[in-house]
2 protein chains.
Amino acid sequence: MLDLLIKSARLLGESAPRDVAIKEGRIVEIAECIEQEARHTVRAEGKWLFPSFANMHTHISMSLFRGLGADLPLADWLQKVIWVLEGEFVSPEFVRDGALIGVAEAIRSGTTLFMDMYFFEEAVARVAEQAGIRAGLGFGILDFPTKVAKSPEEYLQRARSFIQEYKNHPLLFPVVCPHAVYTCSPQTLKKSLELALQEGVYLHTHIAETQQEVEACVEKFGKSPVEHLHSLGLLGEKTLMAHVVWTTEEERELIKETGAVVVHCPESNLKLASGVAPVSDYVRRGIHVCLGTDGPASNDNLDMLEEMSLMVKLQKGTQRDAKAMDARTALHIATESGFKAVGIKAGKVEVGYEADLILLDVQKPHLQPLYDPVAQLVYSAHSSDIDTVVCKGKVLMEKGELKTVDLQEVLFLAKKWKDRIESFLGSKILN
Amino acid sequence: MLDLLIKSARLLGESAPRDVAIKEGRIVEIAECIEQEARHTVRAEGKWLFPSFANMHTHISMSLFRGLGADLPLADWLQKVIWVLEGEFVSPEFVRDGALIGVAEAIRSGTTLFMDMYFFEEAVARVAEQAGIRAGLGFGILDFPTKVAKSPEEYLQRARSFIQEYKNHPLLFPVVCPHAVYTCSPQTLKKSLELALQEGVYLHTHIAETQQEVEACVEKFGKSPVEHLHSLGLLGEKTLMAHVVWTTEEERELIKETGAVVVHCPESNLKLASGVAPVSDYVRRGIHVCLGTDGPASNDNLDMLEEMSLMVKLQKGTQRDAKAMDARTALHIATESGFKAVGIKAGKVEVGYEADLILLDVQKPHLQPLYDPVAQLVYSAHSSDIDTVVCKGKVLMEKGELKTVDLQEVLFLAKKWKDRIESFLGSKILN
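For clarity, every value in this text was computed on a predicted model and none was experimentally measured.

Comments concerning the sheet that holds strand β4 (residues 38-43) of chain A
Hydrogen bonds along the backbone pair up the strands of a sheet, which may run parallel or antiparallel.
Residue and element names in this part refer to chain A.
Piece 1. Taken in spatial order, the four strands make up an open sheet running β3-β2-β1-β4, and their pairing is mixed. The outermost strands of the open sheet, each flanked by one partner alone, are β3 (26-31) and β4. Shown here is a sheet whose adjacent strand axes are inclined to one another by a mean of 20°, direction ignored.
Piece 2. Here strand β2 (residues 18-23) pairs with β3 via five bridges, running antiparallel. Looking at the pairing, I22 lines up with I27 of β3.

With respect to the pairing of strand β10 (residues 202-207) of chain A
All names here are of chain A.
Piece 1. Across the six residues that make up β10, a large majority, six, are buried.
Piece 2. Judged by which residues are buried, β10 turns out to be covered on both faces: Y202, H204 and H206 on one side and L203, T205 and I207 on the other are all buried.
Piece 3. Here strand β9 (residues 172-178) pairs with β10 via two bridges, running parallel. Across the sheet, V176 pairs through a bridge with L203, a residue of β10.
Piece 4. Taken together, β9, helix α5 (residues 186-199) and β10 constitute a β-α-β crossover, and its handedness is right-handed.
Piece 5. Two elements, β10 and strand β11 (residues 239-243), share five bridges in a ladder whose sense is parallel. Pairing of H204 across the sheet is with L240, part of β11.

Re the domain arrangement of chain A
All names here are of chain A.
Piece 1. The assigned domain composition of chain A is domain 1 (2-51 + 354-402) and domain 2 (53-341).
Piece 2. Put simply, the middle of domain 1 and the middle of domain 2, counted by C-alpha atoms, are 29 Å apart.
Piece 3. Taken together, the contacts link 22 residues of domain 1 with 27 residues of domain 2.
Piece 4. One can count three salt bridges joining domain 1 with domain 2.
Piece 5. A salt bridge links D356 to R134; the shortest N-O distance between them is 2.7 Å.

Notes on the pattern of salt bridges
All names here are of chain A.
Piece 1. Within this structure, the stated rule accounts for 66 salt bridges over all chains.
Piece 2. One salt bridge connects D19 with K7, and the closest N-O pair in it is separated by 2.5 Å. Linking D19 in strand β2 with K7 in strand β1 (residues 2-9), this pair joins segments that are 12 residues apart in sequence.
Piece 3. Owing to a relative accessible area of 2%, D19 belongs among the buried residues under this scheme.
Piece 4. One network of salt bridges, with partners in common, ties together E93, R96, D97, E409, K416 and R420.

Brief notes about unusual backbone geometry
In terms of backbone geometry, most residues other than glycine have negative phi values and most peptide bonds are trans.
Piece 1. The omega angle of the peptide bond from A:Q368 to A:P369 is -10°, so this bond is cis rather than trans.
Piece 2. Note on placement: A:P369 falls in the loop between β14 (357-361) and α14 (373-380).
Piece 3. Put simply, B:N299 and B:D300 share a cis peptide bond, and its omega is 5°.
Piece 4. Within the secondary structure, B:D300 sits in the loop between β13 (288-291) and α11 (304-319).
Piece 5. The backbone phi angle of A:E24 is positive, close to 50°, even though this residue is not glycine.
Piece 6. Tracing the chain through its elements places A:E24 in the loop between β2 and β3.

Notes on the interface of chain A and chain B
Piece 1. Taken together, the contact between chain A and chain B spans 66 residues of the former and 66 residues of the latter.
Piece 2. In total, about 5200 Å² of surface goes out of reach between chain A and chain B, with carbon and sulfur atoms giving 60% of it.
Piece 3. The largest per-residue losses of area from chain A upon contact with chain B belong to A:D71, A:P365 and A:Y371, which jointly make up 15% of the total buried on that side.
Piece 4. Linking chain A with chain B are six salt bridges.
Piece 5. In this structure, A:K316 and B:D71 form a salt bridge, with 2.8 Å as the shortest nitrogen-oxygen distance.
Piece 6. The set of elements that each furnish at least two residues to the side of chain A that touches chain B consists of α2 (92-108), α9 (266-271), α11 (304-319), α14 and α15 (407-425) of chain A.
Piece 7. Per element, the largest residue contribution to the side of chain A that touches chain B is eight residues, and it comes from α15(A).
Piece 8. When its residues are assigned to classes, the side of chain A that touches chain B shows 29 nonpolar, 18 polar and 19 charged.

Cut-offs and rules
- Starting afresh in each chain, residues are numbered from 1 along the sequence in its written order.
- Think of it this way: whatever chain is written first is A, whatever ligand is written first is 1, and the rest follow in order.
- Reporting in this predicted model follows two pLDDT cut-offs: at least 70 for local features of residues, and 80 or more for side-chain atom pairs to be given and counted; totals over whole chains, interfaces and linings ignore these cut-offs and use all residues.
- Working from all heavy atoms in the structure, the side-chain values ignore hydrogens and water.
- Pairing between strands is defined by DSSP: at least two bridges between them are needed.
- Helical segments are the DSSP runs of H or I of at least four residues, strand segments are the runs of E of at least two, and each set is numbered from the N terminus.
- For helices, the fitted axis covers only the stretch in contact; all axes are lines through C-alpha atoms, and the angles between them, taken along N-to-C directions, range from 0 to 180 degrees.
- Relative accessibility under 20% of the residue-type maximum defines a buried residue, over 50% an exposed one, and the middle range a partly exposed one, all with a 1.4 Å probe and only protein chains included.
- Orienting the strands away from the viewer, one traces the path from the first strand over the helix to the second; a clockwise path indicates a right-handed crossover.
- Where a domain begins and ends is set by an automatic assignment or by a domain database.
- The contact rule is simple, with two residues in contact once any of their heavy atoms fall within 4.5 Å.
- The term salt bridge refers to a pairing of a side-chain nitrogen on Lys or Arg with a carboxyl oxygen on Asp or Glu at a separation within 4 Å.
- Computed with a 1.4 Å rolling probe, the buried area is the accessible surface lost when two parts are put together, summed over both parts.
- The classification used treats Ala, Val, Leu, Ile, Met, Phe, Trp, Tyr, Cys and Pro as nonpolar, Asp, Glu, Lys and Arg as charged, and all other residues, Gly among them, as polar.

Below is the structure:
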C-alpha cells in the first residue's frame, strides 16, 4: 500500500502528465499510470509538480514582530526595537505562538524545511512536530545575559540539553547556533564548535552581514569575520553561515576549501541596508550556496518563492550581467542545495528522493501562457499559486487548505500578541 | 442614489471602520455609518481600503511572450527573441488577446490605470474599455519598418488617427509614443513632440535604460539621452520617461527643472541587467517619480505590489541606507504619483478623489500580526491578498472574482497562442 499517490501531475522534462507514488516518505515510482492502492490520493490535473523549498535561515517566532520598525537600519532596528521587545516579551508561550504563525505561512508558501535560531527552541520543536514540517533548530548562544540564560556556559548547557532531547527525531534535528562573531567571544565560538563536534550536529551562525561588522571584527581580532571563524576552526562542511555579504577574495577561497555553506538572505540584506551578497561569484567558485528568508520581522515574510525571484534578478541587475544567474540555478539553490546542506536527499522530483513537493496551479492570468515552467515559477509565480504541499510524503496543504495547522488559531494568536505588544508600545517611543 | 457603497472598511489614520460612498466615479463621503441607498454595496469587514495602483509603463500585449528568453540581456532578448516573434505574430488579434490576458492580471493585482506602448493600440483600447480599466495608450513610433508601418510618417499618421478616435473617452486617453532615442531620429522625435502639442496629449518614451544606450547616444549626438531629448524640446511636464537608469548630475537637474516625469521599472531593469535607477536621489531632488512594471515579457508579470516592494528594498540595499526610501513613499509613488502624472486626481482614499481603490484581505498568516498596514502592504502582502478592485467607482473584481473579464476566455486565448508560438519556435533556435 502506498502512502500517497499524486495523479496526473506535470513534471519538468516530461511532455505528458505522470503519476508519482510515495512510500515511507520517499518517491518510489514515477510512471504514466500507477494503479496501486494508496492511503491518500491527490489529483493534480493541469498542475506542475516541483520540489518544495528549504528555508535555511530564519527566526520564525519573530513573525510576532512583523512590520515593526520597518524602515530602520540593522543596528537601530535591533537595539531600539527588536531587543527592547524581546526583553519584554520573549517566553516559551511567545516562541510557540510566533512559530505557529510562521509555520502556517511557511507551509502555505511551499517550504518543508526551515533552519531556525532563537530562544526556547523546544517550543518551536513542538509546533514543527505537530505541523509535520522539517526543522533544524538551535538555541541562540550569546555572551550577554537574556531571559534565557545568564552566561555563555548556561546558553551552551541549554543548547546541549536541547540537542540530547531532539537528536533522533525523524523530522527535527538540533543544531548549535552561536549568534555571531560580534556577540560571541572566541572562547564561546570554540565551545560551540566542541559541542557540535561532540554531538555530531550542524553549526549555524550569522557572519559578515554588514560592513560595520567586518570593520569591528578586523579592529578587535585583526581578521575579517570569515577568517576569524576559520582561525577558530569553525569553517567546515557542517557549518551554515547566514548572510556572508562582505568577504575578501581570501575568505571566499577559505569557504570553498573548507566546504562551509553560505545561506544567502537577499531580502533581509536589502531591507536592513546591509548590501547585496556576491552569490553568483560564490556559485561560480563552487561554494555551496543555499537560500533563507531570515526572520519575518526583517523581510517581512517567509516567502521563499519571492526570495528566489529576488536573488536571481538582483544578481543580474547589480552585476549588470543577465547571465550572472539563471532561473534553473535559482531553483536549485532554493530547493536541493538547501536540503543537501543538512544531509537530506530532497529537492528533486525523482525516484529515491524524499517526497518534499509542491503543486503549482498555473491556471491564472499571470502564469499564462506557460512556455517555460521554471522561468514561470521563478519570475512570475506567487506563493498563493502553490496549491498543495507535501513534506516527507505527508500532505501539509491540499488545494490551499492547511491540513496540520488550524488557521483560526493562527489568526486568534496573532490578535492576542498584537494587543499585548501594542499596549506596551503605547508607553514607548520606538522609532 | 449612490453608485457604490463600501461598508465597514479599515482606513489609514482611522481607528474604527468607515463607510465610503461613491458617486459618479468619485468618493463623495467617508463616515462611520452611511445609510444612503446604493446601486451596489461591498461589505469590507476586516479589510483595509487602499488606493489602487497606477502602472505607468507597460507593453501589456507582450503577456503572450511571458518567460521566453528569460535569462538573456536586453539586446539579445530584443534582437534574438522578441523582435523575431513580433515580426511573425504581431497583429490586431495578437494585441487584443495579449491585452486581455494582461488586463485580467492587472486587475487581479490591483491596478486601475496602465500606460501602454505597442502596436495596434485600438485593440488594447477595446479590451480596456470593455474591462472598465483606465489606460493611456500610444502607438509605438519607430524609424524602421514593421508590419504596422513602413516609415516614420506612416507611424505618426497612425498615431494621429488613434489620438483623434480616442481623444474624449472617459477612461482612455491617447498618448504619443516615440519608442526611444536609439530607434527614432531627432526628426522623428521632433515630429512626435509636434503631434503631442497639437493634440494636447502626453508623450511617453523609453530613455537611458542601459549604459550602452548612453554611450551610443553620446557617440552619435554628442549628448547623453536625456540631454538629447531636452535639446529637441521634448522634456516637459507632459513627458513620461520610462527607465531613466543612467543619468548625469546635469540631466537630473534638467528633469527637475522641466518637470518631466520618471517612470521607474526596477524589476525589468534588474532582469535585463540594465542596472538600478537612482530613484531615491530623484525623489530627494523633487523629481516626479512614478512606477511601472514594463511589459510582462521582461518582468515577468504586471504585479505593481511586487514592483513597489522591490523598489523600496532595492534603494535601501544598493545605497546601503535603510532610510533611502520608506514604505509610505513607495506607496505614494505606486499610486497617487502615477495618477497625478496624467492629470487624474486619484491615489488617496479621501473625499473628492476618484474612486480607484483596492480592498486588502489581511486574514492570512503572512499578514499577521498587523501593526503597520502600510509596511504590511509594501513588505509582506502579495497581489493575491487583493480581494476587491474598484476603478472610477466601478467594481472590476469582488472577493477575488473578475467582474468584467471572463477568466475562461483568458485561459483559452493563452493556450491558443502558446500552441501557435511553440509550433513556430519548434523550427527556430532562439536561445
